[in-house]
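Chain and residue survey
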Amino acid sequence: MKKFALMLAGLGVAMTALPAAAQPSVNQRQAQIERRIDQGIRSGALSRREAVNLRAEFRQIAQLEQRYRRSNGLSVQERRDLDRRFDALAYKVRVDKRDRNNRPGYRR
């Protein structure tokens, strides 16, 4: 019974650590979004204006991250804030890539 209780406790600890380990780091998210913007430019899915706007927002988030890191590293709240901002930017990239602006067959 004691072994079972220890195994159960160990499993509980492992399960609580799993979601944190499964999340990509801030740097990985930045690289992923930057690759998606670059790919959208190369394929023509993003117009010049869309790419400029997305890159400007990307730079603002990167600067905010640097400010957060300079002040004693990233806190949990700061990490959540960056994740929320990256989620919103990733959504904008996805929408802008699929909106067919400036491509044949697109009508307003």
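Above this text you will find the structure in question.
Basis of the calculations
Residues numbered from 1 in each chain as written. Predicted model: local features only at pLDDT ≥ 70, side-chain atom pairs only at ≥ 80, totals over all residues. Heavy atoms only, no water. Helix = DSSP H or I, 4+ residues; strand = E, 2+ residues; numbered from the N terminus. Buried < 20%, exposed > 50% of the residue type's maximum accessible area, 1.4 Å probe, protein only. Contact = heavy atoms within 4.5 Å. Areas by Shrake-Rupley, 256 points an atom, 1.4 Å probe, with all protein chains shown as cover. Axes fitted to C-alpha atoms, helices over the stretch in contact; angles between N-to-C directions. Parallel < 35°, antiparallel > 145°, perpendicular 65-115°, else oblique. Left-handed = near helix turned anticlockwise from the far one by under 90°. Nonpolar A, V, L, I, M, F, W, Y, C, P; charged D, E, K, R; others polar.

1. Remarks on the overall build of the protein
Tallying secondary structure elements over the protein gives four helices and zero strands in all. Traced from its N-terminal end to its C-terminal end, the protein shows the element sequence α-α-α-α. Every one of the 108 residues in the protein was classed for burial, and the buried ones make up 27%. For the protein, the share of sequence-separated contacts (at least 6 apart) that also reach a separation of at least 24 residues comes to 69%. Surface exposure of the protein reaches about 8200 Å², of which carbon and sulfur atoms provide 55%.

2. Some remarks on the packing of helix α2 (residues 26-43) against helix α3 (residues 48-70)
The N-to-C vectors of α2 and α3 enclose an angle of 170°; their axes lie 11 Å apart at closest approach. Our classification of the angle between α2 and α3 gives roughly antiparallel. Between α2 and α3 the crossing geometry is left-handed. Of the residues in α3, those in contact with Val-26, Asn-27, Gln-30, Ile-33, Glu-34, Ile-37, Asp-38 and Ile-41 of α2 are Ala-51, Leu-54, Arg-55, Phe-58, Ala-62, Glu-65 and Arg-69. Taken together, the residues that form the contact of α2 with α3 break down as eight nonpolar, two polar and five charged.

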